[in-house]
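Here's the letter readout for the chains.
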Amino acid sequence: MAKPNLSPKIHLNKDNFESLLQERVNNEISKYVINSNEIDESMRYALSNPGKRVRPLLTYLVGDVLNLDLDKLDGTASAIEIIHTYSLVHDDLPCMDDDELRRGQPTLHVKYSESTAVLAGDAMASLAIDIILRDSNLTSNLKVELLQFLMQTIGPEGMILGQIQDISFETMPATEDEIIKMNELKTGALVEFSMLAPLVIAGEDAKQWEKIAKRIGITFQLIDDLLDIQETKENLGKAAKKDKKKNKKNYPICFGVDRTRDKIKEYQNEVEMFLSEMNLSTHPISIYINKLFDRQK
Ligand code: GRG
């Protein structure tokens, strides 16, 4: 008698992939924050608020293209969303962007306290690293490779550098190249990691994907900046129309909405061309990437 298949391969299609993958990563994350103390409670609060889960979805979708068993990506996808949530919690602090609303709920420091928000962010960084270290689906060599890449992504040459540039530019001028570089570091780096981590796990060449991921990462921030100007806080679930008041040097503030839209279109066309060259135009990854380019929140 044939053995029952305990881990059937999920067939992602254009109608089911988004809800299936969101549910998958939410389910994974809920396994890691289970204690009934204040730090776990505050992390659970931040992690269970309804984010779009863009980064883990990109990880799973690239993994699907590579025909990877999605079990091999669960730990990494969860770690990525946890790091992203940590960055939002710290970004919202009074000493940074000083925001009171995130994902439609009071920010963590408003709900709990500033010290809890600092510690919850720190704890999420440790937790994410620990999840990768303990992932029984990955070899030791892969864990080291992934963690080195993740540390470069989030560290003083990655997201943290981008964030400090963002803050510094509030009180000094910035060139177009500097603004694009800041976007690439503070936002693009983690998007790139999300898309390239499956290639590390699959042991495959990442050259073509690097070009795609870089453009999506930068564009994700350009769209975020446009939405800040054009949307309401009710739609976004976070503060809107704040960047100008804070003297932020983002792309639409410095170069206008039309030029920002042109820049987004230029990157979108290039990404579409790369995906088409890889015969992926009808794969869910292309559908999802187009959705990101057209997003309203
Ligand atoms: C090193 C992780 C880390 C943090 C320290 C605070 C900080 C440095 C960096 C902040 C980077 C940051 C918040 C960039 C903005 C990225 C961005 C566009 C966030 C919004 O992402 P969405 O739209 O949000 O995916 P949801 O809520 O849907 O997850």
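Anyway, here's the lowdown on the structure attached to this text. (Residues numbered from 1 in each chain as written. Predicted model: local features only at pLDDT ≥ 70, side-chain atom pairs only at ≥ 80, totals over all residues. Heavy atoms only, no water.)

Description of empty space enclosed by the protein
In the structure shown here, the tally under the stated rule is two cavities of 30 Å³ or more. Quantified by volume, the largest cavity comes out at close to 110 Å³. The wall of the largest cavity is formed by 13 residues, among which Ala46, Asn49, Val89, Arg102 and Leu108 lie closest to the centre. When contributions to the lining of the largest cavity are tallied by element, the ones reaching two or more residues are helix 2 (38-48), helix 4 (71-91) and strand 2 (105-106). It is helix 4 that contributes the most residues to the lining of the largest cavity, three residues altogether. Classifying every residue of the lining of the largest cavity by side-chain character gives six nonpolar, four polar and three charged. By volume, the second largest cavity is sized at about 40 Å³. (1 Å grid on protein atoms, 1.4 Å probe; cavity = no way out; pocket = protein on both sides within 12 Å on 5 of 7 lines; lining within 4 Å. Points joined across faces, edges and corners; volume = space filled by probe spheres on them. Helix = DSSP H or I, 4+ residues; strand = E, 2+ residues; numbered from the N terminus. Nonpolar A, V, L, I, M, F, W, Y, C, P; charged D, E, K, R; others polar.)

Focus on the layout of surface pockets
The calculated volume of the second largest pocket comes to roughly 300 Å³. The wall of the second largest pocket is formed by 18 residues, among which Phe149, Gln152, Thr153, Glu192 and Leu196 lie closest to the centre. Those elements that place two or more of their residues in the lining of the second largest pocket are helix 7 (140-154), helix 9 (176-202) and helix 10 (207-230). Broken down by element, the lining of the second largest pocket gets its largest block of residues, eight residues, from helix 9. Across the lining of the second largest pocket, the residue classes tally to seven nonpolar, four polar and seven charged.

Digging into the site of the ligand
Close to the ligand lie 21 residues, the nearest being Lys52, Arg55, His84, Arg103 and Ile154. In this structure, Lys52 approaches the ligand through a side-chain N or O atom, which is 2.6 Å from an oxygen atom. Contact with the protein chains covers 94% of the free accessible surface of the ligand, which is 750 Å². Tallied by class, the residues present in the shell around the ligand amount to seven nonpolar, seven polar and seven charged. (Near = heavy atom within 4 Å. Polar contact = N/O pair within 3.5 Å; in protein donor to acceptor, adjacent residues only side chain to side chain. Areas by Shrake-Rupley, 256 points an atom, 1.4 Å probe, with all protein chains shown as cover.)

Digging into the nonpolar core
Within the largest apolar cluster, 83 residues are counted, with the highest numbers of intra-cluster contacts made by Leu58, Met124, Met195, Trp209 and Ile289. For this core, the leading source of residues is helix 9, giving twelve residues. When near neighbours in sequence (up to four residues on either side) are disregarded, Met124 contacts Met43, Ala46, Leu47, Ile82, Thr85, Tyr86 and Val89. (Core = buried A, V, L, I, M, F, W, Y, C linked by side-chain atoms within 4.5 Å. Buried < 20%, exposed > 50% of the residue type's maximum accessible area, 1.4 Å probe, protein only. Contact = heavy atoms within 4.5 Å.)

Topic: helix 3 (residues 54-65)
Here helix 3 spans 17 Å end to end across twelve residues, near enough to the 16 Å set by a 1.5 Å rise per residue. Counting buried positions over the twelve residues of helix 3 gives eleven, a clear majority of the element. Looking only at helix 3, the buried set comprises Val54, Arg55, Pro56, Leu57, Leu58, Thr59, Tyr60, Leu61, Val62, Gly63 and Asp64. Residue Asn67 follows helix 3 closely and has a positive phi angle near 65°. (Expected span 1.5 Å × (residues − 1).)

A few points about the packing of aromatic side chains
Throughout the structure, instances matching the rule amount to four aromatic pairs. A ring pair is formed by Phe17 and Tyr288, whose centres lie 6.0 Å apart and whose planes are at 85°; its orientation type is edge-to-face. On the criterion of sequence distance, the pair formed by Phe17 in helix 1 (residues 17-30) and Tyr288 in helix 14 (residues 284-293) is long-range, its members being 271 residues apart. Plain terms: the ring middles of Phe149 and Phe193 are 4.8 Å apart, the flat faces sit at 70° to each other, and that makes the pair edge-to-face. Here the residue Phe149 occupies a position in helix 7, and Phe193 occupies one in helix 9, the gap between them amounting to 44 residues. Overall, the relative accessible area of 22% leaves Phe149 in the partly exposed class. One Lys or Arg, Arg295, reaches over the ring of Phe220 and ends 3.8 Å from the middle of that ring. (Phe/Tyr/Trp six-rings, centres within 6.5 Å; stacked < 30°, edge-to-face > 60°. Lys NZ or Arg CZ within 6 Å of the ring centre and 35° of its normal.)

Topic: unusual backbone geometry
Phi is positive for Arg53, which is not a glycine, with a value near 65°. At Asn247, a residue that is not glycine, the phi angle is positive and equals roughly 60°. Note that Asn247 resides in the loop between helix 11 (233-236) and helix 12 (251-255).

Quick look at the pattern of salt bridges
Applying the stated criterion to the full structure yields 22 salt bridges. Linking Glu184 and Lys214 is a salt bridge whose minimum nitrogen-to-oxygen distance equals 2.6 Å. Taken as a pair, Glu184 in helix 9 and Lys214 in helix 10 lie far apart in primary sequence, 30 residues in all. When its relative accessible area of 13% is taken as the criterion, Glu184 is described as buried. Here Arg215 ties to Glu270 by a salt bridge, and the two come within 2.5 Å at their closest N and O atoms. Of the two residues, Arg215 is situated in helix 10 and Glu270 in helix 13 (residues 257-277); the sequence distance between them amounts to 55 residues. Because the salt bridges share partners, they merge into one network encompassing Asp97, Asp166, Glu170, Lys186, Lys246 and Lys248. (Salt bridge = Lys/Arg side-chain N within 4 Å of Asp/Glu carboxyl O.)

These values are about where atoms sit, not about what they do.
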